[in-house]
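Given next are the chains, with one letter for each unit.
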Amino acid sequence: MSLVRDAMLTQPGQLPATAFAQAAGELLQRPEVRAVYVTDDGRLVGVVTRKTLVREVVATGRDPRSTPLGEIAEEPHYTIGPDVQLDEAFRFLESEDAERVPVVDEHHRLVGVLSRSVLQRRLAEDEEEEDEEPLPPAA
C-alpha cells in the first residue's frame, strides 16, 4: 500500500513567517498556488490564502509591504503525516471535505502538501495495477 509521502507535492508554495504579505500576494497570483504555507525554521506555523490577505491586510488598511506573514497566518485546520496510508488519507480528506492538507513530520516541519485530486489519480492508478491480469507466457 502506498503512503502519503508517495503522492504528496514536495515543493508547496511556502514563505518564512518574517516575509511580508506582499510576497504571499505575488505567489497567490499564480493559478497553481491556492495557499501559501508559512514556516518558522521549517516548522509549519500557518497558512495564508487570498481570503486571508483581503481580511487581514486589505480590509484593515495594513501595508502589505510591511505586514509579516507570521502576524496574519491562520493556523491550519488539520495536518497529516507522511507515513499515513493513501486510502486512509483519502477517507480523511473526504470526511473533512478538504481539497488539500499540509503534510508535516513528527517535528511539525512542512514536508509537502497532499491534494485530493492527485490522491484520487494515484489511488485509481494503484487500482488499475491491481486489476491487471498477467499476460499468458509467449508460445
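What counts, and at which threshold
In every chain, residue numbers begin from 1 and rise along the written sequence. Residue-level local features of this predicted model are given only where pLDDT is at least 70; pairs of side-chain atoms are given and counted only at 80 or more, and the full residue set underlies all totals for whole chains, interfaces and linings. Heavy atoms from the whole structure form the basis of all side-chain values; hydrogens and water molecules are not counted. We count a stretch as a helix when DSSP gives it H or I for four or more residues in a row; a strand needs E for two or more, and each element gets its number in order from the N terminus. Accessible area is worked out with a 1.4 Å probe on protein chains only. A residue is then buried under 20% of its type maximum, exposed over 50%, and partly exposed in between. Here a residue-residue contact requires only that any non-hydrogen atoms of the pair lie within 4.5 Å. Paired strands are those between which DSSP finds at least two bridges. The axes are straight lines fitted to the C-alpha atoms, using for helices just the contacting stretch, and the angles between their N-to-C directions are given from 0 to 180°. Basic side-chain nitrogens of Lys or Arg form a salt bridge, by our definition, when they fall within 4 Å of a carboxyl oxygen of Asp or Glu. For this analysis, a nonpolar core means a set of buried residues of the types Ala, Val, Leu, Ile, Met, Phe, Trp, Tyr and Cys, connected via side-chain atoms within 4.5 Å.

Caption draft 1: Geometry of the side chain of threonine 52. Note that threonine 52 resides in helix α2 (residues 50–58). Relative accessible area serves as the criterion here: at 0%, threonine 52 is assigned to the buried category. Every residue in contact with threonine 52, bar those within four places of it in the chain, is listed here: Val47, Val57, Ile72 and Glu74.

Caption draft 2: Fine view of the sheet that holds strand β3 (residues 43–48). Spatial strand order, β1-β2-β3: three strands in an open sheet with mixed pairing. The sheet is open, and its two edges are formed by β1 (14–16) and β3, each paired on a single side. Going from strand to strand, the sheet's axes swing by 35 degrees on average, the running direction of each strand aside. Its contacts with the sheet place helix α1 (residues 21–28) against β1, β2 (36–40) and β3, and it is angled at close to 170 degrees to β1.

Caption draft 3: Inspection of unusual backbone geometry at higher detail. The backbone of aspartate 97 sits at a positive phi, close to 55 degrees, despite the residue not being glycine. With respect to the helices and strands, aspartate 97 occurs in the loop between α4 (86–96) and β4 (100–104). Residue aspartate 97 is classed as exposed on the basis of its relative accessible area, which comes to 61%.

Caption draft 4: Molecular detail of the pattern of salt bridges. Counted under the stated rule, the structure contains eleven salt bridges. Between arginine 116 and glutamate 94 there is a salt bridge; the shortest N-O distance is 2.7 Å. Residue arginine 116 is found in helix α5 (residues 116–131), and its partner glutamate 94 is found in helix α4; the two are separated by 22 residues along the sequence. Judged by its relative accessible area of 36%, glutamate 94 is partly exposed. One salt bridge connects arginine 116 with glutamate 99, and the closest N-O pair in it is separated by 3.4 Å.

Caption draft 5: Region of the structure containing the nonpolar core. Formed by 15 residues in total, the largest nonpolar core has its most connected members in Leu15, Val36, Val48, Leu53, Leu69 and Ile72. Of all the elements in the fold, those that place two or more residues in this core are α1, β2, α2 and α3 (69–72). A total of four residues in this core trace back to one element, the largest contributor, which is α1. Of all hydrophobic cores here, the second largest spans 14 residues; its members include Ala7, Met8, Val103 and Leu123.

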